[in-house]
There are 2 protein chains.
Amino acid sequence: MPKLGAEPIRRAALVKATIETVGEAGSLEVTVAQIARRAGMSSALAHHYFGSKEQIFLAAMRSILTLYGAEVRGALATATGPEARLRAIVAGSFGVGSFRREVISAWLNFYVLSQTQPEARRLLHVYQRRLRSNLRHELRPLVGSRAEAVARGLGALIDGVYIRAALAEGAPDRRYALKIVTEYLERELEGKA
Amino acid sequence: MPKLGAEPIRRAALVKATIETVGEAGSLEVTVAQIARRAGMSSALAHHYFGSKEQIFLAAMRSILTLYGAEVRGALATATGPEARLRAIVAGSFGVGSFRREVISAWLNFYVLSQTQPEARRLLHVYQRRLRSNLRHELRPLVGSRAEAVARGLGALIDGVYIRAALAEGAPDRRYALKIVTEYLERELEGKA
DNA sequence: TTTTTTGTTGATTGACGAGTCAATAAACTT
DNA sequence: AAGTTTATTGACTCGTCAATCAACAAAAAA
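Residues numbered from 1 in each chain as written. Chains lettered and ligands numbered in written order. Predicted model: local features only at pLDDT ≥ 70, side-chain atom pairs only at ≥ 80, totals over all residues. Heavy atoms only, no water.

Draft legend 1. Looking closely at the overall build of chain A. If you tally the helices and strands in chain A, you get nine helices and zero strands. N-terminal to C-terminal, the α/β element order of chain A is α-α-α-α-α-α-α-α-α. Oriented by its inertia axes, the alpha-carbon framework of chain A measures out at about 65 × 35 × 30 Å. By the burial criterion, 53% of the 193 residues in chain A qualify as buried. Of the contacts formed within chain A by residues at least 6 apart in sequence, a portion of 70% connects residues at least 24 apart. Surface accessibility of chain A: about 8800 Å² in total, with carbon and sulfur atoms responsible for 56%. Taken as two groups, the 28 positive and 18 negative side-chain charges of chain A have centres that lie 4 Å from each other. (Helix = DSSP H or I, 4+ residues; strand = E, 2+ residues; numbered from the N terminus. Buried < 20%, exposed > 50% of the residue type's maximum accessible area, 1.4 Å probe, protein only. Contact = heavy atoms within 4.5 Å. Areas by Shrake-Rupley, 256 points an atom, 1.4 Å probe, with all protein chains shown as cover. Lys, Arg positive; Asp, Glu negative; His and termini not counted. Charge placed at Lys NZ, Arg CZ, Asp CG, Glu CD.)

Draft legend 2. The arrangement of the protein's contact with DNA strand D in detail. The immediate surroundings of DNA strand D are formed by 21 residues, with V32(A), K53(A), A6(B), R10(B) and A44(B) found nearest. Per the 4 Å cut-off to the protein, sugar and phosphate atoms form 74% of the nearby atoms of DNA strand D. At a separation of 3.1 Å, a phosphate oxygen of DNA strand D approaches a polar side-chain atom of H47(A). With respect to DNA strand D, the side chain of K53(A) contributes an N or O atom lying 2.8 Å from a phosphate oxygen. Here the surface near DNA strand D gets four residues from one element, more than from any other, and that element is helix α3 (residues 43-50) of chain B. (Near = heavy atom within 4 Å. Polar contact = N/O pair within 3.5 Å; in protein donor to acceptor, adjacent residues only side chain to side chain.)

Draft legend 3. Highlighting the interface of chain B and chain A. Every contact between the two is made by 39 residues of chain B and, on the other side, 39 residues of chain A. For the pairing of chain B and chain A, the buried interface totals around 3700 Å² over both sides, and the portion due to carbon and sulfur atoms is 56%. Among the residues chain B hides against chain A, the three largest losses belong to Q115(B), R164(B) and L167(B). Together they make up 22% of the total. Across the chain B-chain A interface, the total number found is six salt bridges. The shortest N-O distance in the salt bridge between D159(B) and R164(A) comes to 3.0 Å. For the pair chain B and chain A, the number of links is 18 residue pairs in polar contact (both at pLDDT 80 or more). Contributions of two or more residues to the side of chain B that touches chain A are made by α6 (101-113), α7 (118-143), α8 (147-167) and α9 (174-189) of chain B. With 13 residues, α8(B) is the single largest residue contributor to the side of chain B that touches chain A. Of the residues contributing to the side of chain B that touches chain A, the split by class is 18 nonpolar, 11 polar and 10 charged. (Buried area = accessible area lost by both parts, 1.4 Å probe. Salt bridge = Lys/Arg side-chain N within 4 Å of Asp/Glu carboxyl O. Nonpolar A, V, L, I, M, F, W, Y, C, P; charged D, E, K, R; others polar.)

Draft legend 4. Quick look at the UniProt feature "DNA-binding region" (unreviewed entry) in chain A. Using the residue numbers shown here, the UniProt feature "DNA-binding region" (unreviewed entry) corresponds to residues 31-50 of chain A. Helix makes up 75% of residues 31-50 of chain A and strand makes up 0%, while its end C-alpha atoms are separated by 14 Å. (UniProt positions renumbered as here; feature names shortened; annotations may be inferred.)

Draft legend 5. How the structure looks around the relation of the copies chain B and chain A. Once turned by 180° and shifted 0.0 Å along the axis, chain B lies on chain A with an RMSD of 0.0 Å. Taken together, the rotation and translation describe the operation of a two-fold axis. Within chain B, G160(B) has its C-alpha nearest the rotation axis, a separation of 1.8 Å. Of the residues that chain B buries at the interface, 100% are likewise interface residues in chain A, meaning the two copies contact each other through the same surface. (Least-squares fit on C-alpha atoms with pLDDT ≥ 70 in both.)

Draft legend 6. Up close: the packing of aromatic side chains. Residues and elements named next belong to chain A. In total, this model carries 13 aromatic pairs over all chains according to the counting rule given. When the ring of W107 is compared with that of Y111, the centres are 5.2 Å apart and the planes differ by 70°; the resulting orientation is edge-to-face. Highlighted residues: W107 and Y111, both in helix α6 (residues 101-113), separated by four residues, approximately one helical turn. The same class applies to W107 as to Y111, namely buried. Following the ring pairs from residue to residue traces out a cluster consisting of F94, F99, W107, Y111 and Y162. Taking the ring centre of F50 as reference, the NZ or CZ of R11 above it sits at 4.5 Å. (Phe/Tyr/Trp six-rings, centres within 6.5 Å; stacked < 30°, edge-to-face > 60°. Lys NZ or Arg CZ within 6 Å of the ring centre and 35° of its normal.)

Draft legend 7. Representation of the pattern of salt bridges. If you walk through the whole model with that rule in mind, you get 36 salt bridges over all chains. E183(B) is the salt-bridge partner of R146(A), the closest N and O atoms lying 2.9 Å from each other. Here R146(A), found in the loop between α7 (118-143) and α8 (147-167), pairs with E183(B), found in helix α9, and the two come from separate chains. Looking at R146(A), the relative accessible area reads 21%, which means it is partly exposed. Residues participating in the shared-partner salt-bridge network are R146(A), E188(A), E183(B), R187(B) and E190(B).

Draft legend 8. Focus on helix α9 (residues 174-189) of chain A. Spanning 16 residues, α9(A) covers 22 Å between terminal C-alpha atoms, matching the ideal 22 Å at 1.5 Å per step. The elements touched by buried residues of α9(A) are α5 (82-93), α7 and α8 of chain A together with α8 and α9 of chain B. (Expected span 1.5 Å × (residues − 1).)

Structural data, given as structure tokens:
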């Protein structure tokens with residue numbers, strides 16, 4: 001029963017289902033059929049819209065990165081001054097949308113995918129660069145020449161906290177994650193002014 | 001042509017080949033046949049000694065974690081005093097044996113495996129706890145009540161630096177990795193004494 | 001109303017890969 | 001010498017899964 005204009009809805013449903021399925025399975029070794037079933041359609045339809053499993057994964061990854069970017073931008077919107085903006089970037093990185101079990105787990109898996117998949121790698125690089133550039137920009141007036149190193153450290157720490165959250169049992173603790181990264185930031189800023 | 005006492009040699013060869021294969025492929029989706037070929041034997045023999053692919057992976061993971069532990073202990077052997085010991089732990093974490101392309105990549109993949117595989121998870125937990133406990137122990141006299149938080153931060157940062165190295169192209173830069181983590185440590189220690 | 005476009009799926013294909021097995025052979029035991 | 005244990009592999013089984021296809025249905029266009 002074709003309701004026209006199904007394509008965008010189907011695609012979105014598949015992307016959502018992919019993140020959930022990969023997140024729950026904790027692995028990319030999920031079948032297109034599993035994803036499709038969760039999204040309420042046949043695997044044939046999933047192939048019809050995305051062409052291949054690879055493309056489904058890439059779409060899911062884009063979705064995660066877009067969500068992440070949106071949360072950072074959202075947090076940044078109301079922040080003025082370098083320190084506030086740095087805090088906003090960090091807070092945005094642990095936003096309620098991104099810092100969720102399945103999303104974290106899916107993110108980790110897509111991270112691994114980036115080792116093999118050129119396009120996945122590209123996507124990840126774009127976001128890493130953007131984050132580092134944002135951090136560096138706000139850090140410059142506060143820590144001068146150390147900006148680059150601190151930006152890299154913060155980036156790595158954020159990744160590290162994510163990866164650990166992926167392995168921890170129970171719901172990931174946003175507050176605690178935030179605290180760790182924020183304290184790092186504060187230590188680095190201490191000798192400022 | 002059975003040379004007796006082949007078992008330990010074969011097992012070691014398979015473990016080594018597994019790390020190399022997984023590291024190069026950047027994925028756990030490698031076949032037992034690939035691993036076995038690289039180790040110079042048939043896939044049947046690999047199954048004969050390990051029983052299953054899963055067991056092969058676990059053996060490889062144990063090997064990585066054992067190597068890591070050995071490097072940390074090695075660095076610790078000559079260090080006296082909390083600060084020197086902390087530096088040793090960090091340095092050991094980026095030892096020449098562990099902080100190598102294939103090993104890092106394999107490590108990342110086994111990390112992901114830990115989301116699914118109970119035994120892999122257990123192994124990782126053991127090592128994470130040991131690291132944190134070591135760090136905490138040396139941190140206590142230096143930062144007091146902050147020891148726990150700093151230990152967690154350091155652990156996460158080390159993981160984060162590893163994970164980023166997995167994605168970076170070219171040979172991983174030990175010196176730079178070490179610098180980032182060491183500086184974090186120094187900042188935390190600054191207000192000491 | 002015929003035709004085209006869009007949506008949808010069950011069934012099938014084709015490849016691949018983990019794990020098993022039977023067979024072969026060299027060494028070691030009795 | 002006969003029997004047992006250890007080493008080793010080619011061939012095979014069996015399941016799984018990505019991807020394709022033929023076919024059907026409803027809406028839109030002609």
